[in-house]
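Residue strings, one per chain:
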Amino acid sequence: FMRLESSRFTLHPLDANEPRQGGKVTVKSLIFDVRTFTLKWKTFYGIYGDDFIQYGEFKEGTNPLEDEELLLKLTEDVQNSDDILQKVT
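Keep in mind it's a predicted model, so treat the numbers as computed, not measured.

Novice: So what exactly am I meant to see when it comes to the overall build of the protein here?
Specialist: Helices and strands together make up the secondary structure of the protein, namely one helix and five strands. In sequence order, the protein lays out its α and β elements as β-β-β-β-α-β. The principal-axis extents of the C-alpha atoms in the protein amount to approximately 45 × 30 × 25 Å. Counting the 89 residues in the protein, one finds 29% classified as buried. If you take every contact in the protein between residues at least 6 apart in sequence, the share linking residues at least 24 apart comes to 43%. Surface accessibility of the protein: about 6500 Å² in total, with carbon and sulfur atoms responsible for 49%. Between the centroid of the 11 positive side chains of the protein and the centroid of its 16 negative side chains there is a distance of 8 Å.

Novice: Just checking my understanding: could you explain unusual backbone geometry for this structure?
Specialist: Trans is the prevailing form of peptide bonds, just as negative phi is the prevailing case for residues other than glycine. One non-glycine residue with positive phi stands out, namely F37, at about 55°. Relative to the helices and strands, F37 is located in the loop between strand 2 (23-33) and strand 3 (38-48). Residue classification places F37 among the exposed positions, given a relative accessible area of 64%.

Novice: Even after reading the chapter, I still don't get the pattern of salt bridges, so can you show me in this structure?
Specialist: Close approach of charged atoms allows side chains of opposite charge to pair. The full count for this structure, using the stated rule, is seven salt bridges. Residue R3 pairs with E5 through a salt bridge whose shortest N-O separation is 3.3 Å. Residue classification places R3 among the partly exposed residues on the basis of a relative accessible area of 38%. Exposure remark for E5: the relative accessible area of 41% places this residue in the partly exposed category. One salt-bridge network, in which partners are shared between bridges, spans K59, K73 and D83.

Novice: Hey, could you run me through the sheet that holds strand 4 (residues 53-58) in this one?
Specialist: Either a parallel or an antiparallel arrangement is found when strands of a sheet pair, and the pairing is made through backbone hydrogen bonds. Taken together, five strands build an open sheet; the order of strands is 1-2-3-4-5 and the sheet is antiparallel. Both edges of this open sheet fall to strand 1 (3-13) and strand 5 (84-88), since each of them pairs with a single strand only. Within the sheet, the average angular offset between the axes of one strand and its neighbour, ignoring direction, is 25°. Pairing of strand 1 with strand 2, which is carried by eleven bridges, proceeds in the antiparallel orientation. Opposite S6, over in strand 2, you have L30 as the bridge partner.

Novice: Help me understand the packing of aromatic side chains in this model?
Specialist: Two descriptors summarise a pair of aromatic rings, namely the distance from one centre to the other and the angle between the planes of the rings. Scanning the entire structure with this criterion turns up three aromatic pairs. Ring geometry for F9 versus Y55: centroids 5.6 Å apart, planes at 80°, classification edge-to-face. Residue F9 is found in strand 1, and its partner Y55 is found in strand 4; the two are separated by 46 residues along the sequence. Taking the relative accessible area as the measure of exposure, Y55 reaches 12% and is therefore buried.

What counts and what doesn't
Residues numbered from 1 in each chain as written. Predicted model: local features only at pLDDT ≥ 70, side-chain atom pairs only at ≥ 80, totals over all residues. Heavy atoms only, no water. Helix = DSSP H or I, 4+ residues; strand = E, 2+ residues; numbered from the N terminus. Buried < 20%, exposed > 50% of the residue type's maximum accessible area, 1.4 Å probe, protein only. Contact = heavy atoms within 4.5 Å. Areas by Shrake-Rupley, 256 points an atom, 1.4 Å probe, with all protein chains shown as cover. Lys, Arg positive; Asp, Glu negative; His and termini not counted. Charge placed at Lys NZ, Arg CZ, Asp CG, Glu CD. Salt bridge = Lys/Arg side-chain N within 4 Å of Asp/Glu carboxyl O. Pairing = 2+ DSSP bridges. Axes fitted to C-alpha atoms, helices over the stretch in contact; angles between N-to-C directions. Phe/Tyr/Trp six-rings, centres within 6.5 Å; stacked < 30°, edge-to-face > 60°.

Shown next as structure tokens:
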């Protein structure tokens, strides 16, 4: 199985004057599946800091950019979360 993926990161800093202190991130990925010759868009949401970035795919109907508790679930070591479908570190 082979796929090509291109991602675009958009940072939403907590303080616009100090963006390295961290904030929220939106990742839009364009995925090309070579087997089926299909394109698919995925949107991931997460958090970032000076030395890390962590994001994930959330179930439909949730708004992670508005719900900080939901975003902070990314940092927890929980394998079976109903809200988070996939984590990326």
